Amino acid sequence: MNFLAHGWLARGGSDDFLYGNLIADGVKGADLSAWSTAVAEGIRHHRRVDAFVDGHAVIGEMKDRAPRGGRRVAGIALDLMWDHCLARRLTTAERDWLIPRCYRLLEARPAPARLAAMTPALVSQDWLRGYADFRFTCRAVAGLGRRLSGPNRLAELLPWLERDYTALDEAFERLWPDLEARLGVRPGSVDPQP
(Lines give C-alpha, C1' and ligand atoms only; values in the text may rest on other atoms or scores of the structure.)
Protein backbone atom coordinates (compact mmCIF):
# COMPACT_ATOMS: atom_id res chain seq x y z
CA MET A 1 0.00 0.00 0.00
CA ASN A 2 2.99 2.29 -0.19
CA PHE A 3 1.96 4.05 -3.39
CA LEU A 4 4.46 6.90 -3.06
CA ALA A 5 7.51 4.65 -2.73
CA HIS A 6 6.43 2.43 -5.61
CA GLY A 7 5.69 5.50 -7.72
CA TRP A 8 9.07 7.03 -6.97
CA LEU A 9 10.95 3.82 -7.77
CA ALA A 10 9.06 3.48 -11.09
CA ARG A 11 9.21 7.15 -12.08
CA GLY A 12 11.78 6.56 -14.82
CA GLY A 13 9.49 4.23 -16.76
CA SER A 14 6.57 4.90 -19.08
CA ASP A 15 3.12 5.84 -17.81
CA ASP A 16 1.96 2.25 -18.39
CA PHE A 17 4.88 0.92 -16.36
CA LEU A 18 4.21 3.41 -13.56
CA TYR A 19 0.50 2.55 -13.59
CA GLY A 20 1.34 -1.15 -13.24
CA ASN A 21 3.45 -0.35 -10.19
CA LEU A 22 0.63 1.69 -8.64
CA ILE A 23 -2.09 -0.94 -9.06
CA ALA A 24 -0.07 -4.08 -8.40
CA ASP A 25 -1.44 -4.63 -4.89
CA GLY A 26 -4.87 -5.02 -6.46
CA VAL A 27 -3.76 -7.63 -9.01
CA LYS A 28 -3.72 -11.25 -7.94
CA GLY A 29 -2.02 -14.21 -9.56
CA ALA A 30 0.81 -14.79 -11.99
CA ASP A 31 -1.25 -14.58 -15.17
CA LEU A 32 -0.89 -10.97 -16.32
CA SER A 33 -2.07 -11.57 -19.89
CA ALA A 34 -5.07 -9.26 -19.37
CA TRP A 35 -2.65 -6.33 -19.06
CA SER A 36 -0.50 -4.62 -21.68
CA THR A 37 3.17 -5.59 -21.72
CA ALA A 38 4.31 -2.39 -19.99
CA VAL A 39 1.61 -2.54 -17.30
CA ALA A 40 2.46 -6.20 -16.65
CA GLU A 41 6.15 -5.25 -16.37
CA GLY A 42 5.16 -2.61 -13.83
CA ILE A 43 3.20 -5.16 -11.80
CA ARG A 44 6.17 -7.55 -11.84
CA HIS A 45 8.52 -4.71 -10.83
CA HIS A 46 6.26 -3.83 -7.88
CA ARG A 47 6.35 -7.47 -6.78
CA ARG A 48 10.16 -7.56 -7.00
CA VAL A 49 10.32 -4.41 -4.87
CA ASP A 50 8.00 -5.98 -2.29
CA ALA A 51 10.06 -9.20 -2.23
CA PHE A 52 13.30 -7.25 -1.83
CA VAL A 53 11.89 -5.15 1.01
CA ASP A 54 10.32 -8.15 2.77
CA GLY A 55 13.66 -9.96 2.69
CA HIS A 56 15.77 -6.99 3.83
CA ALA A 57 17.34 -7.33 7.28
CA VAL A 58 15.86 -3.99 8.36
CA ILE A 59 12.32 -5.38 8.07
CA GLY A 60 13.04 -8.30 10.38
CA GLU A 61 14.66 -5.97 12.89
CA MET A 62 11.70 -3.57 12.87
CA LYS A 63 9.11 -6.36 13.08
CA ASP A 64 10.98 -7.72 16.11
CA ARG A 65 10.55 -4.30 17.75
CA ALA A 66 6.81 -4.26 17.07
CA PRO A 67 4.40 -5.33 19.83
CA ARG A 68 4.03 -9.10 19.77
CA GLY A 69 0.30 -9.03 18.96
CA GLY A 70 0.82 -6.83 15.92
CA ARG A 71 3.83 -8.44 14.28
CA ARG A 72 1.70 -10.27 11.72
CA VAL A 73 0.46 -6.95 10.29
CA ALA A 74 3.52 -4.84 11.10
CA GLY A 75 4.69 -5.04 7.48
CA ILE A 76 1.61 -3.10 6.38
CA ALA A 77 2.31 -0.36 8.93
CA LEU A 78 5.94 -0.29 7.84
CA ASP A 79 4.94 0.15 4.19
CA LEU A 80 3.03 3.30 5.09
CA MET A 81 5.83 4.44 7.37
CA TRP A 82 8.24 4.16 4.42
CA ASP A 83 5.93 6.40 2.39
CA HIS A 84 6.06 8.90 5.26
CA CYS A 85 9.84 8.76 5.43
CA LEU A 86 10.16 9.16 1.67
CA ALA A 87 7.63 12.03 1.55
CA ARG A 88 9.71 13.92 4.11
CA ARG A 89 12.85 13.48 2.03
CA LEU A 90 11.54 14.36 -1.42
CA THR A 91 11.90 17.97 -2.45
CA THR A 92 8.82 20.04 -3.24
CA ALA A 93 9.78 19.94 -6.91
CA GLU A 94 10.07 16.15 -6.85
CA ARG A 95 6.67 15.77 -5.18
CA ASP A 96 5.11 18.34 -7.52
CA TRP A 97 6.35 16.36 -10.51
CA LEU A 98 5.56 12.80 -9.36
CA ILE A 99 2.30 13.09 -7.45
CA PRO A 100 0.18 14.74 -10.19
CA ARG A 101 1.48 12.14 -12.64
CA CYS A 102 0.39 9.31 -10.32
CA TYR A 103 -3.01 10.90 -9.72
CA ARG A 104 -3.55 11.48 -13.43
CA LEU A 105 -2.93 7.80 -14.14
CA LEU A 106 -5.14 6.62 -11.28
CA GLU A 107 -7.99 8.91 -12.33
CA ALA A 108 -7.81 8.09 -16.03
CA ARG A 109 -7.70 4.30 -15.78
CA PRO A 110 -9.89 1.82 -13.96
CA ALA A 111 -8.29 0.31 -10.88
CA PRO A 112 -8.56 -3.42 -10.19
CA ALA A 113 -11.61 -4.29 -8.10
CA ARG A 114 -9.54 -4.66 -4.92
CA LEU A 115 -8.42 -1.02 -5.21
CA ALA A 116 -11.43 0.51 -6.96
CA ALA A 117 -13.01 1.88 -3.79
CA MET A 118 -9.76 3.24 -2.41
CA THR A 119 -8.16 5.02 -5.37
CA PRO A 120 -10.74 7.84 -5.67
CA ALA A 121 -10.20 8.68 -1.99
CA LEU A 122 -6.43 8.44 -2.42
CA VAL A 123 -6.59 11.08 -5.15
CA SER A 124 -9.32 13.36 -3.79
CA GLN A 125 -7.83 13.42 -0.28
CA ASP A 126 -4.27 13.83 -1.63
CA TRP A 127 -2.82 10.92 0.32
CA LEU A 128 0.54 11.02 -1.44
CA ARG A 129 1.22 14.55 -0.17
CA GLY A 130 -0.42 13.76 3.15
CA TYR A 131 2.12 11.07 3.98
CA ALA A 132 4.67 13.78 4.80
CA ASP A 133 2.60 14.42 7.95
CA PHE A 134 3.11 11.69 10.55
CA ARG A 135 -0.40 12.15 11.99
CA PHE A 136 -1.90 11.67 8.53
CA THR A 137 0.19 8.53 8.08
CA CYS A 138 -1.07 7.19 11.40
CA ARG A 139 -4.68 7.82 10.33
CA ALA A 140 -3.95 5.95 7.09
CA VAL A 141 -2.52 2.99 9.03
CA ALA A 142 -5.60 2.87 11.27
CA GLY A 143 -7.87 3.25 8.25
CA LEU A 144 -6.33 0.27 6.53
CA GLY A 145 -6.77 -1.68 9.74
CA ARG A 146 -10.52 -1.06 9.58
CA ARG A 147 -10.58 -2.77 6.19
CA LEU A 148 -9.15 -5.98 7.65
CA SER A 149 -11.32 -8.51 9.45
CA GLY A 150 -11.21 -8.76 13.22
CA PRO A 151 -9.78 -6.27 15.69
CA ASN A 152 -7.88 -3.33 14.24
CA ARG A 153 -4.37 -4.64 14.84
CA LEU A 154 -2.92 -1.84 12.71
CA ALA A 155 -4.42 0.85 14.94
CA GLU A 156 -2.91 -0.98 17.91
CA LEU A 157 0.53 -0.41 16.34
CA LEU A 158 0.26 3.39 16.37
CA PRO A 159 1.85 3.85 19.83
CA TRP A 160 4.77 1.71 18.62
CA LEU A 161 5.20 3.82 15.47
CA GLU A 162 5.29 6.94 17.60
CA ARG A 163 7.55 5.51 20.30
CA ASP A 164 10.03 4.01 17.80
CA TYR A 165 9.80 6.86 15.28
CA THR A 166 13.53 7.62 15.36
CA ALA A 167 14.52 3.96 15.00
CA LEU A 168 12.06 3.53 12.13
CA ASP A 169 13.42 6.62 10.38
CA GLU A 170 16.96 5.30 10.79
CA ALA A 171 15.82 1.92 9.42
CA PHE A 172 14.46 3.69 6.35
CA GLU A 173 17.87 5.35 5.92
CA ARG A 174 19.41 1.87 5.74
CA LEU A 175 16.70 0.31 3.56
CA TRP A 176 16.06 3.02 0.98
CA PRO A 177 19.52 3.38 -0.60
CA ASP A 178 19.72 -0.41 -1.04
CA LEU A 179 16.28 -0.51 -2.60
CA GLU A 180 16.78 2.46 -4.90
CA ALA A 181 20.18 1.20 -6.08
CA ARG A 182 18.80 -2.28 -6.73
CA LEU A 183 15.34 -1.60 -8.15
CA GLY A 184 14.95 2.10 -8.96
CA VAL A 185 14.04 2.56 -12.62
CA ARG A 186 16.18 5.02 -14.52
CA PRO A 187 14.70 6.96 -17.46
CA GLY A 188 14.47 4.76 -20.52
CA SER A 189 14.74 1.57 -18.46
CA VAL A 190 11.50 -0.36 -18.34
CA ASP A 191 12.34 -3.67 -16.73
CA PRO A 192 15.33 -3.45 -14.39
CA GLN A 193 17.09 -6.64 -13.44
CA PRO A 194 16.22 -7.97 -9.99
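Residues numbered from 1 in each chain as written. Predicted model: local features only at pLDDT ≥ 70, side-chain atom pairs only at ≥ 80, totals over all residues. Heavy atoms only, no water.

**Focus: the packing of aromatic side chains**
Tallied over the entire structure, the rule returns 4 aromatic pairs. When the ring of Phe-134 is compared with that of Tyr-165, the centres are 5.0 Å apart and the planes differ by 85°; the resulting orientation is edge-to-face. In this pair, Phe-134 is assigned in helix H10 (residues 134–147) and Tyr-165 in helix H13 (residues 165–183), connecting sequence segments 31 residues apart. Owing to a relative accessible area of 13%, Phe-134 belongs among the buried residues under this scheme. Ring geometry for Phe-172 versus Trp-176: centroids 5.4 Å apart, planes at 20°, classification stacked. With Phe-172 and Trp-176 both in helix H13 and 4 residues apart, the pair spans about one turn of that helix. Among the residues examined, Trp-176 registers a relative accessible area of 10% and is labelled buried. What links up through ring pairs into an aromatic cluster is the set Trp-82, Phe-172 and Trp-176. Over the ring of Trp-8 we find Arg-11; its NZ or CZ atom is 3.7 Å from the centre of that ring. In this structure, Arg-109 packs its charged tip against the face of Tyr-19, placed 5.0 Å from the ring centre. (Phe/Tyr/Trp six-rings, centres within 6.5 Å; stacked < 30°, edge-to-face > 60°. Helix = DSSP H or I, 4+ residues; strand = E, 2+ residues; numbered from the N terminus. Buried < 20%, exposed > 50% of the residue type's maximum accessible area, 1.4 Å probe, protein only. Lys NZ or Arg CZ within 6 Å of the ring centre and 35° of its normal.)

**What to know about helix H4 (residues 57–65)**
Since there are 3.6 residues in each turn of an α-helix, residues three or four apart along the chain are aligned in direction. By the burial criterion, the buried members of H4 are Val-58, Ile-59 and Met-62. Down the axis of H4, the buried side of the element spans an arc of 95°, and every buried residue falls inside it. Of the surrounding secondary structure, the elements contacted by the buried residues of H4 are helix H3 (37–55), helix H5 (74–89), helix H12 (158–163) and H13. (Arc of directions from axis to C-beta. Contact = heavy atoms within 4.5 Å.)

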